[in-house]
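Residues per chain are reported as follows:
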Amino acid sequence: MYRLLKIDGTWQQILRNKYLGTKPLVQVQWKSGDSHFWASLMKVKRDFLRFGTFMIQNGSQVRFWEDIWLGNTPLREQYPQLYNIARGKHDTMEAVLSAYPPNVSWRRDLFGDKLVMWNNLLSRLTTVVLSQEEDEFIWTLDRKGEFSVKSHYLGLIHQNIPNTNKHLWKLKTPLKIKVFLWYLRKGVILTKDNLARRNWQGNQQCCFCHENETIQHLFFDCRFARLGWATAYAAWGLPRPHSVDDMFGHWLDGIQSNLKPLILLGASALCWSLWLCRNAFIFENKHTSFLQFIYLTTHWLRTWAVLQKSSSQEVVVAASRYLAQVAKEFFTRAHGWRSSLRIDSH
């Protein structure tokens, strides 16, 4: 990883041509069909980059929100409330600072504390001037700024890298839901692309649209899934996670610690309901409407509410009711649907 960032050589150029294309290394993510070697490299990329910082030159290799270049932590951690409502979370410095004011757009208007934060960040950006030279990566665990396996190993031990799976196993849900989420986290649930790797010859199209079915597509990018996340956003004020890793990683940065398990519970109910709707279509030829999908999500939330702490049970039930109410209001306005005609979700 370090040599790929710092050195121009034959094998580095081969990897850049094969996997990067026109994107910088920091923006590239694992995708279906990549080699095991590259998949392993992408898994450790986040833990590698957190021990380095970038010296900004032309800004083409550095992500504005995600990388460390201003202070000792990424801007997503310094300004989590801004990050949660920002579009283009993976945009490079070059893209953001190509104009003034910076090319950052928001999901909602800035006011109050968020406006104060943005003005504070703008004042810090006035010292940044892009040039024509290449950005430089500096390894912060070494006084000379050079990478070594020993320094990385010691850094991983002493920095206490969080185990993202621990949040999954601590969820107060039935065991089969935890196993499902763990399979989802590992990328091994039997979506059609994973079946194709086992020589399955069937149609790989998503049952909700015409794109090929992958974990990333089915749970986050499909228009059916995006509508579900958008409804959750309207009800709970949380933006859609970009991926499974994001959902169990930095998605909830800036959220109060006592609320994180409950929010993750809601996300788990949505993912589980989507998986059940998908399987009902494939194995039973049952078509699920969007409203049935939302009601199924609220059904699982109410079912799992009794497993939560007594102080949280009413919160979960209230959140499920409000999600259903938002969906009802949306359909009432969009389709003239009468909310009294409740569709059975069981």
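In this text the structure is predicted, and so the values were computed from the model without any measurement.

So what about the overall build of the protein chain? Which residues, and what values?
The helix and strand inventory of the protein chain stands at 17 helices and 2 strands. When each of the 346 residues of the protein chain is scored for burial, the buried share is 45%. At a minimum sequence separation of 6, the contacts of the protein chain that also span at least 24 residues come to 59%. With an accessible surface of roughly 19,100 Å², the protein chain has 52% of that area assigned to carbon and sulfur atoms. With 44 positive and 27 negative side-chain charges, the protein chain shows a spacing of 8 Å between the two charge centroids.

If you had to explain helix H8 (residues 149–158) to someone new, which residues and values would you point to?
Every α-helical turn comprises 3.6 residues, leaving residues that sit three or four positions apart pointing alike. Residues of H8 that are buried: Ser151, His152 and Gly155. Along the axis of H8, the buried positions cluster into a sector of 100°, meaning they face one direction only. The outward face of H8, more than 90 degrees from its buried face, is lined by the exposed residues Val149, Lys150 and Tyr153. Those residues of H8 hidden inside the fold are in contact with helix H3 (36–49) and strand E2 (136–139).

Requested: an account of the layout of surface pockets, with residues and values cited.
A probe as big as a water molecule, rolled over the atoms, marks out the empty space that is left. What the second largest pocket holds in volume is close to 400 Å³. What lines the second largest pocket is a set of 18 residues, and nearest its centre among them are Leu4, Leu5, Arg16, Gln61 and Glu134. Broken down by class, the residue content of the lining of the second largest pocket amounts to 8 nonpolar, 3 polar and 7 charged.

How would you summarise the pattern of salt bridges if you had to cite specific residues and measurements?
This model, assessed by the stated rule, comprises 11 salt bridges. The salt bridge involving arginine 76 is made with glutamate 66; its shortest N-O contact spans 2.6 Å. With arginine 76 in helix H4 (residues 75–78) and glutamate 66 in the loop between strand E1 (52–55) and H4, the pair connects residues that are 10 residues apart, well separated along the chain. With a relative accessible area of 7%, glutamate 66 lands in the buried category. Among the ionic pairs, arginine 240 bridges to aspartate 221, the shortest N-O distance being 3.6 Å. Of this pair, arginine 240 sits in the loop between helix H13 (223–236) and helix H14 (244–247) while aspartate 221 is found in helix H12 (residues 215–221), placing the two residues 19 residues apart along the sequence.

So what's going on with the packing of aromatic side chains? Which residues, and what values?
Applying the stated criterion to the full structure yields 27 aromatic pairs. On the basis of an interplanar angle of 85° and a centroid distance of 5.1 Å, the ring pair of phenylalanine 64 and tryptophan 65 is categorised as edge-to-face. As far as burial versus exposure is concerned, phenylalanine 64 and tryptophan 65 are alike and both buried. On the numbers, 5.8 Å between centres and 40° between planes, the contact of phenylalanine 64 with tryptophan 69 is tilted. A relative accessible area of 9% places tryptophan 69 in the buried class. In this structure an aromatic cluster arises from ring pairing among Tyr2, Phe48, Phe51, Phe54, Phe137, Trp139 and Phe147.

Break down the environment of aspartate 34 for me, with residues and values.
Within the fold, aspartate 34 resides in the loop between helix H2 (10–20) and H3. Between the C-alpha atoms of aspartate 34 and tyrosine 322, which are 288 residues apart in sequence, the distance is 41 Å. Not counting residues within four places of it along the chain, the set of residues in contact with aspartate 34 comprises Tyr19 and Gln29. A distance of 3.0 Å separates the side chain of aspartate 34 from the backbone nitrogen of lysine 31, its partner in a polar contact.

Can you lay out the nonpolar core for me, pointing to particular residues and giving the numbers?
In this structure, Phe208, Phe219, Trp229 and Met247 are the most contacted members of the largest nonpolar core, which totals 56 residues. Within the residue set of this core, elements represented by two or more residues are helix H10 (175–186), H12, H13, H14, helix H15 (260–284), helix H16 (290–305) and helix H17 (310–335). Here this core takes 12 residues from H15, the largest share from any one element. Every residue in contact with phenylalanine 208, bar those within four places of it in the chain, is listed here: Leu218, Cys222, Arg223, Phe224, Leu274, Cys277 and Arg278. In this structure, Tyr19, Val26, Ile56 and Leu122 belong to the second largest nonpolar core, which totals 40 residues.

Summarise the packing of H10 against H15; cite the residues concerned and give the values.
It is the contact of H10 with H15, at a shortest axis distance of 11 Å, that shows an interaxial angle of 85°. When the axes of H10 and H15 are compared, the pair comes out roughly perpendicular. Each of Lys176, Ile177, Phe180, Leu181 and Leu184 in H10 lies in contact with H15, whose residues at this interface are Ser268, Cys271, Trp272 and Trp275. A per-class count over the contact of H10 with H15 returns 7 nonpolar, 1 polar and 1 charged.

How would you sum up the packing of H13 against H16? Please name residues and give values.
Put simply, H13 and H16 touch, their axes get as near as 10 Å, and they point 55° apart. Compared by their axis directions, H13 and H16 come out oblique. Once H13 is placed against H16, the crossing between them reads as right-handed. Contact residues: Phe224, Leu227, Gly228, Thr231 and Trp236 in H13; Phe290, Phe293, Ile294 and Leu301 in H16. Of the residues assigned to the contact of H13 with H16, the class counts are 7 nonpolar, 2 polar and no charged.

Basis of the calculations
Residues take numbers from 1 onward in each chain, read along the sequence in its written order. Side-chain atom pairs in this predicted model are given and counted only at pLDDT of 80 or more, local residue features only at pLDDT of at least 70, and totals for whole chains, interfaces and linings cover all residues. Hydrogens are left out, water is left out, and the side-chain values use all remaining heavy atoms of the structure. For helices the rule is a DSSP run of H or I covering at least 4 residues; for strands it is a run of E covering at least 2, with both sets numbered from the N terminus onward. Note on classification: 1.4 Å probe, protein chains only; a residue is buried when its accessible area is under 20% of the maximum for its type, exposed when over 50%, partly exposed between these limits. The contact criterion used throughout is that any non-hydrogen atoms of two residues lie within 4.5 Å. Note on areas: Shrake-Rupley with a 1.4 Å probe; residue coverage comes only from the protein chains shown. Under the counting rule used here, the positive set is Lys and Arg, the negative set is Asp and Glu, and His together with the chain ends is not counted. Charge positions are represented by NZ for Lys, CZ for Arg, CG for Asp and CD for Glu. As used here, the arc belongs to the directions running from the helix axis to the C-beta atoms. Only protein atoms enter the 1 Å grid used here. Points where a 1.4 Å probe fits but cannot escape make up a cavity, open sets with protein on both sides within 12 Å along at least five of seven lines make up a pocket, and a residue lines them when an atom lies within 4 Å of a point. Grid points are joined across faces, edges and corners, and a volume is the space filled by probe spheres set on the points. Side-chain classes are defined by residue name, with Ala, Val, Leu, Ile, Met, Phe, Trp, Tyr, Cys and Pro counting as nonpolar, Asp, Glu, Lys and Arg as charged, and the others, Gly among them, as polar. By convention in these notes, a salt bridge is any Lys or Arg side-chain nitrogen within 4 Å of a carboxyl oxygen on Asp or Glu. Note on aromatic pairs: the rings of Phe, Tyr and Trp (six-membered ring only in Trp) are paired at centre separations within 6.5 Å, and the planes decide the class, stacked below 30 degrees, edge-to-face beyond 60, tilted for the rest. Throughout this description, a polar contact denotes any pair of N or O atoms lying within 3.5 Å of each other; where both atoms belong to protein, one of them has to be capable of donating a hydrogen while the other can accept it, and for residues adjacent in sequence the pair is counted only when both atoms sit in side chains. By convention a nonpolar core is built from buried Ala, Val, Leu, Ile, Met, Phe, Trp, Tyr and Cys residues, the set being connected through side-chain atoms within 4.5 Å. Axes here refer to lines fitted to C-alpha atoms; in helices the fit is confined to the stretch in contact. Angles between the N-to-C directions go from 0 to 180 degrees. For this classification, under 35 degrees means roughly parallel, over 145 means roughly antiparallel, 65 to 115 means roughly perpendicular, and everything else is oblique. For any pair of crossing helices, the crossing counts as left-handed if the nearer helix is rotated counterclockwise from the farther one by less than a right angle, and right-handed if it is rotated clockwise.

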